[in-house]
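Chain by chain, the residues run as shown.
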Amino acid sequence: MTLLTPPPPPIDQAEDEEMLVPNADFVPEGPQPMEVAPVEATNAVDAPAVEETPSGRFTWAIPEFSKLNLKKQYSEVFNVGGYKWRVLIFPKGNNVDHLSMYLDVADSTTLPYNWSRYAQFSLSIVNQIHSKFTVRKDTQHQFNSRESDWGFTSFMPLSELYDPGRGYLVNDTCIVEADVAVRRVVDYWSHDSKKETGFVGLKNQGATCYMNSLLQTLYHIPYFRKAVYHMPTTEIDNPSASIPLALQSLFYKLQYCETSVATKELTKSFGWDTYDSFMQHDVQELNRVLCEKLEDKMKGTVVEGTIQKLFEGHHMNYLECINVDYKSARKESYYDLQLDVKGCKDIYASFDKYVEVERLEGDNKYHAEQYGLQDARKGVLFIDFPPVLQLQLKRFEYDFVRDTMVKINDRYEFPLELDLDRENGKYLSPDADKSVRNLYTLHSVLVHSGGVHGGHYYAYIRPTLSDKWFKFDDERVTKEDMKRALEEQYGGEEELPQTNPGFNNSPFKFTKYSNAYMLVYIRESDKEKIICNVDEKDIAEHLRIRLKKEQEEKELKKKEKAEAHLYTIIKVARDADLVEQIGKEIYFDLVDHDKVRNFRIQKQLSFNTFKEEVAKEFGIPVQLQRFWLWAKRQNHTYRPNRPLTPQEEAQSVGQLREVSNKANNAELKLFLEVAFGVDLRPIPPPEKIKEDILLFFKLYDPLKEELRYVGRLFVKGNSKPMENFEKLNEMAGFAPDEEIELFEEIKYDPHVMCERIDMKLSFRDSQLEDGDIICIQKSSQGQSSEECRYPTVPAFLDYVHNRQMVRFRSLEKAKEDEFSLELSKQNNYDEVVQSVARHLGLEDPSKIRLTPHNCYSQQPKPQPIKYRGAERLTDMLVHYNQISDILYYEVLDIPLPELQGLKTLKIAFHHATKDEVVIHTIRLPKQSTVGDVISDLKTKVELSHPDAELRLLEVFYHKIYKIFPLHEKIENINDQYWTLRAEEIPEEEKNLGALGRLIHVYHFMKDPAQNQVQVQNFGDPFFLAIHEGETLEEVKIRIQKKLRVSDEEFSKWKFAFLSLGRPEYLQDSDIVSSRFQKRDVYGAWEQYLGLEHTDNTPKRSYTANQNRHAYEKPVRIYN
């Protein structure tokens, strides 16, 4: 796999909602391919251990943790497996609202080039009150010079870590533990896949390992490969635009090439751009889409129906009533089957679950035609299975408790032979053909290594169904034994013993994050047909010719590269090149050397031999050729400098190249000067003496805004331009007495420098020398700006140098170009917004707000450009080391300077009597107070009565953290991570009395995914006034009324007093106030009354993070 450079470090593997990333001091904006580099793909069971596995535990107690002011903090160095390690933490988060923690190679800067080491490790924050609440996360990584640290950017929420009641900070001390197991890994860099295995791999484009593993699996089904070869294509087809041809080409190369094969042609035929190649997609989705595309392309051809023959099976969805004679059945086809992993120990358990009968009874009765609601049975049975059975294992599921996708790493077994006729055909429908023996043998195992947000894919395949297994891991193919392909891909846990003396010697377990994700079985009775012979006669002749030609070109390039040290590339520029390029492809300097004729000449050949080659190529006799050396000047321009001497021309090409260009030992750049007589035939070049200066001339037409090359001229250094008027006018095509102006083009980087030449000074006094460029134009006197935009050469060159086409997109439609404007890179902020406003027909340009483009993510950057916050257009377009040509615009309802003087807050208003939440956007001057916010809000919301009082709360992860005082300034209030909630203050809270309490009430449920009791809060938290002596039974009545919950639902709820996250369940007769001793609501989230029940409510339409590019669809939005 490939690691992106030069973008910032990519976000890679992530487990559940945490991201395993190489530490960076900023959150990267660049493309984020969710993979790791080739060696990192090795995991707990993939690293071929050649020695024992040394392991150890390191404990780091960090005192005065909350007072740490450094952005990042390193532990002391510890040793495991003979290597030096340390822990790296970001106490306030690595630009996230979570603690960030990594394992770091302590001596990475002093290690030799190309060092690497592989480790499995876990990092923990110890709960010092109850160890079972310790937060622990584990992973594995191949550490190297590019990625010398690895871990979790989002280890645990800062709100939990710094919550004094949680037990992670005791006496302001935090305890970190690191368990590290070091594995010795075989070095694969010198591995020759073809030589070792007979197969070659596929190159990774950035994040295409998922595709590579699928393509290898399909390629190694010979019947499928043969069908692809037989799809009709022609020699005029373009592989980048034809999926059949691109796939044929890829398969041919996999079959006959000696080295790994690129997939760019295929992904281009998919219509993917570079960014798509850095986005990891789903294997199952790609498999279905690719097969559907091929099925469609095969229609009307000799291979029509191949996809169905190989992969299509049928099952029957049936339903039958128990008490009446009513049945229904529906036949459906499938190309793959999705099998449950969670709760199933193996494939057979998954198939049992697949055909499990569901009873429809009670509230879930079936409404049968004519019979009404009836008890019924429904289920699925298989009519037939396909010859090639593709099983997708449901390793990824949505966890409703965590409200996120999670990966299921449970142990899940699959056999080498799969018998789907077992137990008298329990999976088959009565209509199934019992003469077909559904005994399958395992062909391939696709593995996913990593977490829910990304990772790495590879495949174990036995191409001929023999006992020989191979691992296809991008470019690398290796021989593997059956145990690694089967048992070690079951998933589950692996226990590693502690071996280091001096450490805590208790064993520790690692979850195996590498496990089977897709299985391919081939039916025994069909394997002779499917594992067929595929040879060159199956490949279309035009394809063989095309691919052999490609291979020959590739071999030629390889040979040229190997022999490059024996040759010099001579690039010859001529007048014809200057005429062709100037004013079309280039405007500055004289020529693009990459677009001129080049000659590959052996270094030991004499230069005169090369001149004979030139004579053949251009028809210029050797004696009429004069070559000039080019020189790079200090101002970065490149000009002909001097002609070669006879002595130099007598040397070898290699010697001459060394004289001319010490920087680049492969190239020699020359200008070929050819003189022509009146009959336009070549003549010997004029003798050049010291006084002669060779000048090159361009002509500028201000009316047409055109610049072109008109020729070169030898002038005497002591002569003056006015003495050469006639020649210059003739060259320009003007009348002999035309008044002209001359400008010297001096340089163009970083700014254009083009100065008027004094006609009365000599060329030498104007400091002109060989190779200089002079631009001619008619006299600009009397020309008005209305006649031409750029009346002089300097003005035109400045325009050309700075012109920039900018594509503008509406921020609301960030993928679509709306219009383009030609601007100048030197345009200031006002000029840019004025151009946009003019195009949109907007009178007030200050209402335009612009947002820059992220070149890596292809998205708008999170922060817009402030009013006059960028000096020039170039500042708006630059992103790291790239220049974009995209800007996003918004049309505001008020001028941007005025908006920036305001604080904008999004506030969720909870209505007192209606079950609705309305999000309001409040804009007030930054010096305003919370009281001003509430006053403004009152004018926009519907109150339960005119005198109702409001309060503003800070809510985070379904807990109330703060009631804002009315006098607090709003400037520093953050609504990006915390939700701001406004609500009416109930009358009962205003009259608490001396013995009343105001307590926090939160919804919660236990997290079944955790071994220990882990409480998950959800829903809207609220305050409740309780009175002295009030029982839970009395409090429940008020809560039910407040929340408007039905009696049936409310009867299922449990009530608990929670302190430090542990529930203590209450009885109806318990006095609630006796549990709550604190009067102060600040900090009271340590203790709360918990309402335990399932979360049946629909998700709110707003989130804690109100990122302005996040997709939000609130119930109603005002303003």
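Provided above is the structure to which this section pertains.
Just so you know, these numbers come straight off a predicted model, no measurement behind them.

### A few points about the pattern of salt bridges
Inference 1: Enumeration according to the criterion identifies 67 salt bridges in this entry.
Inference 2: Measuring nitrogen to oxygen at the nearest pair gives 2.6 Å for the salt bridge that ties D104 to R86. Of this pair, D104 sits in strand β6 (residues 98–105) while R86 sits in strand β5 (residues 83–90), placing them 18 residues apart in sequence.
Inference 3: Ionic pairing is found between D772 and R633, a salt bridge with its closest N-O pair at 2.6 Å. Of the two residues, D772 sits in the loop between β39 (753–756) and β40 (773–778) while R633 sits in the loop between β31 (626–632) and β32 (638–643), which places them 139 residues apart along the sequence.
Inference 4: Residue D772 is classed as buried on the basis of its relative accessible area, which comes to 2%.
Inference 5: Salt bridges sharing common partners tie together D589, R633, R639, E769 and D772.

### So, the sheet that holds strand β57 (residues 1062–1065)
Inference 1: Taken in spatial order, the 5 strands of this open sheet run β55-β54-β58-β56-β57, and their pairing is mixed. If you trace the sheet from one side to the other, it starts and ends with β55 (1015–1026) and β57, each paired once. In this sheet, adjacent strand axes meet at a mean angle of 35 degrees when their direction is disregarded.
Inference 2: Its contacts with the sheet put helix α26 (residues 1032–1043) on β54 (997–1006), β55, β56 (1054–1059) and β58 (1087–1092), and the angle it makes with β55 is roughly 110 degrees.

### Some points on the sheet that holds strand β2 (residues 55–62)
In any sheet, the strands associate via hydrogen bonds between backbone groups, in a parallel or an antiparallel arrangement.
Inference 1: A sheet is described by the order of its strands in space; here 4 strands give the open sequence β2-β10-β7-β8, paired in antiparallel fashion. The open sheet has two edge strands with one neighbour each: β2 and β8 (135–144). Within this sheet the neighbouring strands show an average axis-to-axis angle of 20 degrees, counted without direction.
Inference 2: When strand β7 (residues 116–125) meets strand β10 (residues 174–183), the two strands line up antiparallel, connected through 8 bridges. Paired with Q120 across the strands is A181, a residue of β10.

### Thoughts on the packing of helix α3 (residues 209–219) against helix α5 (residues 243–256)
Inference 1: The geometry of α3 relative to α5 is characterised by a closest axis approach of 11 Å and an angle of 75 degrees between their N-to-C directions. By the angle between their directions, the pair α3 and α5 is classed as roughly perpendicular. Here α3 contributes L215, Q216, L218 and Y219 to the contact with α5, which in turn contributes L247, L250, F251, L254 and Q255.
Inference 2: Here the contact of α3 with α5 is built from residues that sort into 7 nonpolar, 2 polar and no charged.

### As for α26
Inference 1: Here α26 contains 12 residues, and its C-alpha end-to-end distance of 16 Å stays within 8% of the 16 Å for a straight helix at 1.5 Å per residue.
Inference 2: Residues L1032, V1035, K1036, I1039 and Q1040 constitute the buried set of α26. Along the axis of α26, the buried residues cluster in a sector spanning 135 degrees; they form a single face. Pointing more than 90 degrees away from the buried face of α26 are the exposed residues I1037 and K1041.
Inference 3: Residues of α26 that are buried make contact with β55, α27 (1047–1050), β56 and β58.
Inference 4: Just beyond α26, the residue with positive phi is R1044, at close to 55 degrees.

### Re the state of the cysteines
One covalent bond between the sulfur atoms of two cysteine residues makes up a disulfide.
Inference 1: Counting across every chain of the model gives 0 disulfides.
Inference 2: Counting only cysteine sulfurs, C754 is the nearest neighbor of C775, a cysteine outside any disulfide, at a range of 5.1 Å.

### Here's the deal with the side chain of E983
Inference 1: Relative to the assigned elements, E983 resides in strand β53 (residues 979–984).
Inference 2: Among the polar contacts listed, one links the side chain of E983 to the side chain of R951, at a separation of 2.9 Å.
Inference 3: A polar contact is formed between the side chain of E983 and the side chain of R981, at a distance of 2.9 Å.
Inference 4: Leave out the neighbours within four places in its chain, and E983 touches F909, H910, E949, L950, R951, L953 and F1023.

### Concerning unusual backbone geometry
Inference 1: Put simply, D749 and P750 share a cis peptide bond, and its omega is 0 degrees.
Inference 2: Among the secondary structure elements, P750 is positioned in the loop between β38 (740–747) and β39.
Inference 3: One non-glycine residue, E64, lies in the positive phi region at around 50 degrees.
Inference 4: Considering the arrangement of structural elements, one finds E64 in the loop between β2 and β3 (73–74).
Inference 5: Looking at E64, the relative accessible area reads 49%, which means it is partly exposed.
Inference 6: We note that E423 has phi near 50 degrees; this positive angle belongs to a residue other than glycine.
Inference 7: With respect to the helices, strands and loops of the structure, E423 is situated in helix α11 (residues 422–425).

### Details of the packing of helix α4 (residues 222–229) against α5
Inference 1: With their axes 9 Å apart at the nearest point, α4 and α5 run at an angle of 130 degrees to one another. The angle between the axes of α4 and α5 places the two elements in the oblique class. The two elements α4 and α5 cross, and the hand of that crossing is left-handed. Contacts between α4 and α5 involve F224, R225, V228 and Y229 on the former and, on the latter, L247, Q248, F251, Y252 and Q255.
Inference 2: Broken down by class, the residue content of the contact of α4 with α5 amounts to 6 nonpolar, 2 polar and 1 charged.

What counts as what
- Residues numbered from 1 in each chain as written.
- Predicted model: local features only at pLDDT ≥ 70, side-chain atom pairs only at ≥ 80, totals over all residues.
- Heavy atoms only, no water.
- Salt bridge = Lys/Arg side-chain N within 4 Å of Asp/Glu carboxyl O.
- Helix = DSSP H or I, 4+ residues; strand = E, 2+ residues; numbered from the N terminus.
- Buried < 20%, exposed > 50% of the residue type's maximum accessible area, 1.4 Å probe, protein only.
- Pairing = 2+ DSSP bridges.
- Axes fitted to C-alpha atoms, helices over the stretch in contact; angles between N-to-C directions.
- Contact = heavy atoms within 4.5 Å.
- Parallel < 35°, antiparallel > 145°, perpendicular 65-115°, else oblique.
- Nonpolar A, V, L, I, M, F, W, Y, C, P; charged D, E, K, R; others polar.
- Expected span 1.5 Å × (residues − 1).
- Arc of directions from axis to C-beta.
- Disulfide = S-S within 2.5 Å.
- Polar contact = N/O pair within 3.5 Å; in protein donor to acceptor, adjacent residues only side chain to side chain.
- Left-handed = near helix turned anticlockwise from the far one by under 90°.

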